[in-house]
Amino acid sequence: MSRRGNSIVVPEAREALERFKMEAANEVGVNLKQGYNGDLTSRQAGSVGGQMVNNICPVRLMNFERNYRWVNGHEKVFTYNFSVVV
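Here the structure is a predicted model, which means the values were calculated and not measured. (Residues numbered from 1 in each chain as written. Predicted model: local features only at pLDDT ≥ 70, side-chain atom pairs only at ≥ 80, totals over all residues. Heavy atoms only, no water.)

Engineer: So, helix α1 (residues 14–28): which residues are in play, and what are the values?
Structural biologist: In this model, α1 (15 residues) spans 21 Å end to end at C-alpha, consistent with the 21 Å of a helix rising 1.5 Å per residue. Of the residues making up α1, those classed as buried are F20, M22, A24 and A25. Residues of α1 that are buried in the fold lie against α2 (42–56). One or two residues past the end of α1 sits G29, with phi positive at roughly 80°. (Helix = DSSP H or I, 4+ residues; strand = E, 2+ residues; numbered from the N terminus. Expected span 1.5 Å × (residues − 1). Buried < 20%, exposed > 50% of the residue type's maximum accessible area, 1.4 Å probe, protein only. Contact = heavy atoms within 4.5 Å.)

The following block contains the structure:
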């Protein structure tokens, strides 16, 4: 099985991906320019990539609580945290 890595599967989508990257950079306040962006720090580049992932797969958090009774009058609250990727 061959590995594709970061190659674009549909070459016609390159322009749309570039626009998407620029929008994500604007959202996090990183100044991207067309072409080479080697002057960015790792943190800046990572924040752009992270914002792109968050826009593609937002995580929804839900909290549930329930009471569990060990003995009458002694209650303990349990909290369940779920994350759902949509």
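Engineer: Just give me the short version of the confidence of the model for the protein, but keep the residues and values in it.
Structural biologist: Atom-level detail of predicted coordinates should not be read off regions where pLDDT is low. The predicted model of the protein averages 79 in pLDDT, with 63% of residues at 70 or higher. Model confidence for the protein, summarised as mean pLDDT per element, is weakest for strand β1 (residues 59–71) at 64 and strongest for α1 at 91. (pLDDT = per-residue confidence, 0-100.)

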